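# Coordinates in review
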Amino acid sequence: MATFSGIAFFIVNLFLAFILCFFGYRYVRKLIMAYGFLFGFLAAFLLLAPVAGLSTVLALVFSILIGVGICLLVYFLYHVGIFLMGASFGALIGW
């Protein structure tokens, strides 16, 4: 599962980077929200998936809720979103 999530993270990150490169200024807040959701969802899912007694569906629901929370956080705190965007690029390069 970790390999699939890493590949999905790579593909979505590449797609968002392409959109940010060519249409970035107009949609910068929305793209940073997408990066925040991606970062929050993946981090929460990777932390909640191995928890004993937690079903996969419940881990997905909690991950989506945490992803939406991070998404709203980075919308209102722009600099946190820029940091998470850079952190996702660093994690992608490190992976």
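Keep in mind that this is a model prediction, so the values were computed, not measured.

Here is what the cut-offs are and how they apply
Residues numbered from 1 in each chain as written. Predicted model: local features only at pLDDT ≥ 70, side-chain atom pairs only at ≥ 80, totals over all residues. Heavy atoms only, no water. Core = buried A, V, L, I, M, F, W, Y, C linked by side-chain atoms within 4.5 Å. Buried < 20%, exposed > 50% of the residue type's maximum accessible area, 1.4 Å probe, protein only. Helix = DSSP H or I, 4+ residues; strand = E, 2+ residues; numbered from the N terminus. Phe/Tyr/Trp six-rings, centres within 6.5 Å; stacked < 30°, edge-to-face > 60°.

Right, let's talk about the nonpolar core for a bit. Judged by nonpolar contacts, F9, L16, I19, L31, I32, Y35, L38, L42, V74, L84, M85 and L92 together constitute the single largest core of twelve residues. It is helix 2 (residues 28-48) that provides the largest number of residues to this core, a total of five residues.

A separate point is the packing of aromatic side chains. Geometry of an aromatic ring pair is reported as the spacing of the ring centres plus the angle between the planes. Within this structure, the stated rule accounts for four aromatic pairs. Here F41 and F45 contribute two aromatic rings whose centre-to-centre distance is 6.1 Å and whose plane-to-plane angle is 10°, an arrangement assigned as stacked. With F41 and F45 both in helix 2 and four residues apart, the pair spans about one turn of that helix. Take F41: its relative accessible area is 21%, and that puts it in the partly exposed class. In this structure F45 comes out as buried when scored by relative accessible area, which is 7%. Judged by centre distance (5.1 Å) and plane angle (80°), the ring pair of Y75 and F76 falls under edge-to-face.

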